[in-house]
Amino acid sequence: MIVMRVIRFRVEGIFNSFRIPFFRTYQKSFLAPPKTTIIGMLTNIMGKSEQFYYTLLEEDMIKVSVVINSIKGKAKDLWSYKSFESKSDMHGRSIIRRDKLYNAKYTIYLMIENEELSKEIYDSLICPKSIPALGLDDEIIKIFDVDDSLTIDINKFHIINSVFMDKGYNYEVKISDSDNYIELPTSNITPLKYKIIIDKDFRLARKNMDEYKQVEYLNCCIELKDVESYKCENNNVVFY
């Protein structure tokens, strides 16, 4: 049974990094961009405001699904940044080590019920209003193979190959007889949305909301029976 239409696009970067929260002196990277990073990229290429970004997340207007197609390598760099240990220390600098993914390629699916929003996002993926980046501003990506005419069906076999949010599910790893390099599932906590708060000094800050473990893997599959999944093209995916 056909469920609904989705937007599919593919991205490819040279060096990208998606910082896992709670790592301070060493910035470890997710294998795939979190939902907040993808929505941030969409907001940027649409030319929208920061408040629009928070609204998309808060109202859960876009469901995403990510398939890791390939990662050709990993590297590390050193990043120097200003640090102010005290009000008198105006020239302090610190250095941290960061994970970098080399030539990572992803297929990203968007499930959007609002037709007007869906069309605006599709148009922006075809013709971005700013340079697309995933992660930091200089981590530029190429967007290609944009398609808004795909349909998805219910996946009856519960075998998926997309990233998913672990909400206490039981799942089993399925490894094929392939010579490809395999990354077994790893999970790290990430928020799905943020809440803007005002502190006692009337400064704006954001608080992580709806935190779950992002489960990601490469060149293997997962049998996940506890959540509804979908078949689109050659991928079986979960939206979140």
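Provided above is the structure to which this section pertains.
Residues numbered from 1 in each chain as written. Predicted model: local features only at pLDDT ≥ 70, side-chain atom pairs only at ≥ 80, totals over all residues. Heavy atoms only, no water.

This part covers the overall build of the protein. Along the protein, the regular secondary structure elements total three helices and 14 strands. For the protein, the computed accessible surface area is about 13,700 Å², with 50% contributed by carbon and sulfur atoms. (Helix = DSSP H or I, 4+ residues; strand = E, 2+ residues; numbered from the N terminus. Areas by Shrake-Rupley, 256 points an atom, 1.4 Å probe, with all protein chains shown as cover.)

Looking now at helix 1 (residues 35-46). Counting along an α-helix, one turn takes 3.6 residues, and residues three or four places apart therefore face a common direction. Over its 12 residues, helix 1 extends 17 Å from the first C-alpha to the last, a length consistent with the 16 Å expected when each residue adds 1.5 Å. Listed as buried for helix 1 are Lys35, Thr36, Ile38, Ile39, Met41, Leu42, Thr43, Ile45 and Met46. Just beyond helix 1, the residue with positive phi is glycine 47, at close to 75°. (Expected span 1.5 Å × (residues − 1). Buried < 20%, exposed > 50% of the residue type's maximum accessible area, 1.4 Å probe, protein only.)

Tracing the sequence through the fold places isoleucine 7 in strand 1 (residues 2-13). Residues isoleucine 7 and tyrosine 109, spaced 102 residues apart in sequence, show a C-alpha to C-alpha distance of 5.6 Å. Non-local contacts of isoleucine 7, meaning those with residues more than four positions away in its chain, are made with Ile108, Tyr109, Leu110, Ile112, Ser118, Ile121, Tyr122, Leu125, Asp147 and Asp148. (Contact = heavy atoms within 4.5 Å.)

Judged by nonpolar contacts, the single largest core of 42 residues is most densely connected at Phe9, Leu42, Ile62, Tyr106, Leu110, Ile121 and Leu125. Mapped by element, the contributors of at least two residues to this core are strand 1, helix 1, helix 2 (50-58), strand 4 (63-82), strand 5 (93-111), helix 3 (115-126), strand 6 (141-154) and strand 10 (183-198). The dominant element in this core, judged by the number of residues it contributes, is helix 1, at six residues. (Core = buried A, V, L, I, M, F, W, Y, C linked by side-chain atoms within 4.5 Å.)

Take asparagine 16: it is sitting in strand 2 (residues 15-16). For asparagine 16, a relative accessible area of 2% puts it in the buried group. There is a polar contact of 3.2 Å between the side chain of asparagine 16 and the backbone oxygen of glutamate 139. Other than its neighbours up to four places away in sequence, asparagine 16 contacts Lys100, Leu101, Leu134, Glu139, Ile140 and Ile141. (Polar contact = N/O pair within 3.5 Å; in protein donor to acceptor, adjacent residues only side chain to side chain.)

For the rest of this paragraph, the subject is the sheet that holds strand 12 (residues 221-224). Two strands in a sheet stick together by hydrogen bonds in their backbones, pointing the same way (parallel) or opposite ways (antiparallel). Taken in spatial order, the three strands of this open sheet run 7-12-9, and their pairing is antiparallel. The outermost strands of the open sheet, each flanked by one partner alone, are strand 7 (159-160) and strand 9 (171-174). (Pairing = 2+ DSSP bridges.)

Okay, the pattern of salt bridges next. Going through the model one piece at a time under the given rule, you end up with 15 salt bridges. Among the salt bridges present, the one from arginine 98 reaches aspartate 77, with a minimum N-O distance of 2.7 Å. With arginine 98 in strand 5 and aspartate 77 in strand 4, the pair connects residues that are 21 residues apart, well separated along the chain. Ionic pairing is found between glutamate 172 and lysine 174, a salt bridge with its closest N-O pair at 3.3 Å. Classification of glutamate 172 by relative accessible area gives partly exposed; the value is 43%. The network of salt bridges with common partners includes Glu172, Lys174, Glu223 and Lys225. (Salt bridge = Lys/Arg side-chain N within 4 Å of Asp/Glu carboxyl O.)

The phi angle at asparagine 103 is positive, at roughly 50°, despite the residue not being glycine. Tracing the backbone through its elements, the reader meets asparagine 103 in strand 5. For asparagine 103, a relative accessible area of 9% puts it in the buried group. One non-glycine residue, glutamate 233, adopts positive backbone phi at about 55°.

Here the structure, examined in full by the defined rule, presents six aromatic pairs. Members of the aromatic cluster, connected to one another through ring pairs, are Tyr53, Tyr54 and Tyr194. Residue placement shows lysine 167 over the ring face of tyrosine 212; its charged tip is 4.8 Å from the ring centre. (Phe/Tyr/Trp six-rings, centres within 6.5 Å; stacked < 30°, edge-to-face > 60°. Lys NZ or Arg CZ within 6 Å of the ring centre and 35° of its normal.)

This part is about the side chain of lysine 193. Its location among the elements puts lysine 193 in strand 10. Residue classification places lysine 193 among the buried positions, given a relative accessible area of 16%. At 3.4 Å, the side chain of lysine 193 and the backbone oxygen of glutamate 58 are in polar contact. The contacts of lysine 193, once residues within four sequence positions are left out, are Thr36, Leu57, Glu58, Lys207, Asn208, Met209 and Asp210.

Right, let's get into the packing of helix 1 against helix 2. At a minimum axis separation of 10 Å, helix 1 and helix 2 run at an interaxial angle of 135°. With respect to helix 2, the axis of helix 1 lies oblique. Where helix 1 crosses over helix 2, the two elements pack in a sense that is right-handed. Contact residues: helix 1 offers Thr36, Ile39, Gly40, Thr43 and Met46, while helix 2 offers Phe52, Tyr53, Leu56 and Leu57. Here the contact of helix 1 with helix 2 is composed, by residue class, of six nonpolar, three polar and no charged. (Axes fitted to C-alpha atoms, helices over the stretch in contact; angles between N-to-C directions. Parallel < 35°, antiparallel > 145°, perpendicular 65-115°, else oblique. Left-handed = near helix turned anticlockwise from the far one by under 90°. Nonpolar A, V, L, I, M, F, W, Y, C, P; charged D, E, K, R; others polar.)

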